[in-house]
Amino acid sequence: MMQLFYASTSAYVRKVMVCAQVLGLADAIAWLDSAAHPVERDERIAAFNPLAKVPALRTHHGLCLYDSRVICEYLNALSQGTLFPATGDARWQSLTRQSLGDGLIDAALLARYEFSARPEEKQWQNWADAQLKKVSAALGEIERQVSRFSQQPDDIGLIAIGCALGYLDFRFATLNWRDSYPLTAAWFAHFDAHPAMLATRPHV
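Residues numbered from 1 in each chain as written. Predicted model: local features only at pLDDT ≥ 70, side-chain atom pairs only at ≥ 80, totals over all residues. Heavy atoms only, no water.

Draft legend 1. A look at the overall build of the protein chain. Tallying secondary structure elements over the protein chain gives 9 helices and 4 strands in all. Beginning at the N terminus, the succession of helices and strands in the protein chain can be written as β-α-β-α-β-β-α-α-α-α-α-α-α. Taking 204 residues into account, the globule formula puts the C-alpha radius of gyration at 17 Å, and the protein chain, at 17 Å, falls close to it. Overall, the C-alpha framework of the protein chain stretches about 45 × 45 × 30 Å when taken along its three principal axes. Taken across its 204 residues, the protein chain has 46% of its residues classed as buried. Sequence separation of 24 or more characterises 66% of the internal contacts of the protein chain that already satisfy a separation of 6 or more. When the accessible area of the protein chain is evaluated, it comes to approximately 10,400 Å², of which 53% is carbon and sulfur surface. (Helix = DSSP H or I, 4+ residues; strand = E, 2+ residues; numbered from the N terminus. Rg over C-alpha atoms; globule rule 2.2 N^0.38 Å. Buried < 20%, exposed > 50% of the residue type's maximum accessible area, 1.4 Å probe, protein only. Contact = heavy atoms within 4.5 Å. Areas by Shrake-Rupley, 256 points an atom, 1.4 Å probe, with all protein chains shown as cover.)

Shown next as structure tokens:
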């Protein structure tokens, strides 16, 4: 059985969990709880990933894989899935959308860490504001593209974007992002109702 260090609050972990659900592999993975933190290192995770970051997967054959992009592609290949287009423009578009979703998560996470992990006397509001500006720019790009999105988690780019939006709901509810991006809000209402998304919603 595969083993995965995870955290239920991580949007990157959620990407892997959604892929596992869609590909029918969720029951083939032992989900190992962890205490991933940007400052306090969890040495259990380091046994799979020297960076001590989740998600970190050990395959049936003992190969350790990280981060979410690598793990998701591995699961797709293992199950001969279609979440990653094989060739052509469709592949590059899918991978670029994955980068857009991951970049949104990156920026939101850095903004959160500025206040949740850094001592108050060292917090920098301008840094957090700059990260949230990236979040807004990513949302603007999603809004421009969303009319061409499938409403199903059938593509790694859309899974990444869906998990990013879910992270905003979880950690940045006060942003009220739906007010400024109505097309994205309408798309996400359908996408987030898929069983794979429902089963992996973050919780404390």
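Draft legend 2. Geometry of the environment of Tyr-66. Considering the arrangement of structural elements, one finds Tyr-66 in the loop between strand 4 (64–65) and helix 3 (68–78). Looking at Tyr-66, the relative accessible area reads 33%, which means it is partly exposed. Residues Tyr-66 and Ala-52, spaced 14 residues apart in sequence, show a C-alpha to C-alpha distance of 9.9 Å. With residues near it in sequence (within four places) discarded, Tyr-66 still touches Phe-48, Asn-49, Pro-50, Pro-55 and Ile-71.

Draft legend 3. Structural context of the packing of helix 5 (residues 125–145) against helix 8 (residues 182–191). Interhelical geometry of helix 5 versus helix 8 gives an angle of 75° and a closest axis separation of 8 Å. Between helix 5 and helix 8, the interaxial angle falls into the category roughly perpendicular. Every residue of helix 8 that contacts helix 5 at Leu-139, Ile-142 and Glu-143 is listed here: Pro-182, Leu-183 and Thr-184. In terms of residue class, the contact of helix 5 with helix 8 is made up of 4 nonpolar, 1 polar and 1 charged. (Axes fitted to C-alpha atoms, helices over the stretch in contact; angles between N-to-C directions. Parallel < 35°, antiparallel > 145°, perpendicular 65-115°, else oblique. Nonpolar A, V, L, I, M, F, W, Y, C, P; charged D, E, K, R; others polar.)

Draft legend 4. Representation of helix 1 (residues 11–23) within the structure. Helix length check: helix 1 (13 residues) gives 18 Å between terminal C-alpha atoms against 18 Å at 1.5 Å per residue, within 8%. The element helix 1 is largely enclosed, with a buried count of 11 among its 13 residues. Here helix 1 has its buried residues at Ala-11, Tyr-12, Val-13, Arg-14, Lys-15, Val-16, Met-17, Val-18, Cys-19, Ala-20 and Leu-23. Buried residues along helix 1 sit against strand 1 (2–6), strand 2 (29–33), helix 3, helix 4 (88–116), helix 6 (156–171) and helix 9 (195–198). With a side-chain oxygen positioned 3.2 Å from the backbone nitrogen of Tyr-12, the residue opening helix 1 is Ser-10. After helix 1 finishes, the residue Gly-24 shows a positive phi value of roughly 75°. (Expected span 1.5 Å × (residues − 1). Polar contact = N/O pair within 3.5 Å; in protein donor to acceptor, adjacent residues only side chain to side chain.)

Draft legend 5. Quick look at the packing of helix 6 against helix 8. The N-to-C vectors of helix 6 and helix 8 enclose an angle of 100°; their axes lie 11 Å apart at closest approach. Put simply, helix 6 runs roughly perpendicular to helix 8. Across from Leu-158, Ile-159, Ile-161, Gly-162, Leu-165, Gly-166 and Asp-169 in helix 6, the residues of helix 8 making contact are Thr-184, Trp-187, Phe-188 and Phe-191. Across the contact of helix 6 with helix 8, the residue classes tally to 7 nonpolar, 3 polar and 1 charged.

Draft legend 6. Up close: the pattern of salt bridges. Evaluation of the coordinates by the stated rule reveals 11 salt bridges. Of the charged contacts in the structure, one is a salt bridge between Arg-144 and Glu-141, with a shortest N-O distance of 3.1 Å. A residue pair is termed a helical-turn pair when its members lie 3 or 4 positions apart in one helix, as Arg-144 and Glu-141 do in helix 5 at 3 residues. On the basis of relative accessibility, which here comes to 57%, the residue Arg-144 falls in the exposed class. Taking relative accessible area as the criterion, Glu-141 reaches 27% and is therefore assigned partly exposed. We note a salt bridge from Asp-169 to Arg-178, for which the minimum N-O separation is 2.8 Å. According to the relative accessible area criterion, Asp-169 is partly exposed, its value standing at 28%. The exposure class assigned to Arg-178 is partly exposed, which follows from its relative accessible area of 37%. Bridged by salt links that share partners, the residues Lys-15, Asp-67, Arg-69 and Asp-102 form one connected network. (Salt bridge = Lys/Arg side-chain N within 4 Å of Asp/Glu carboxyl O.)

Such coordinate-based values are descriptive only and should not be taken to indicate function.
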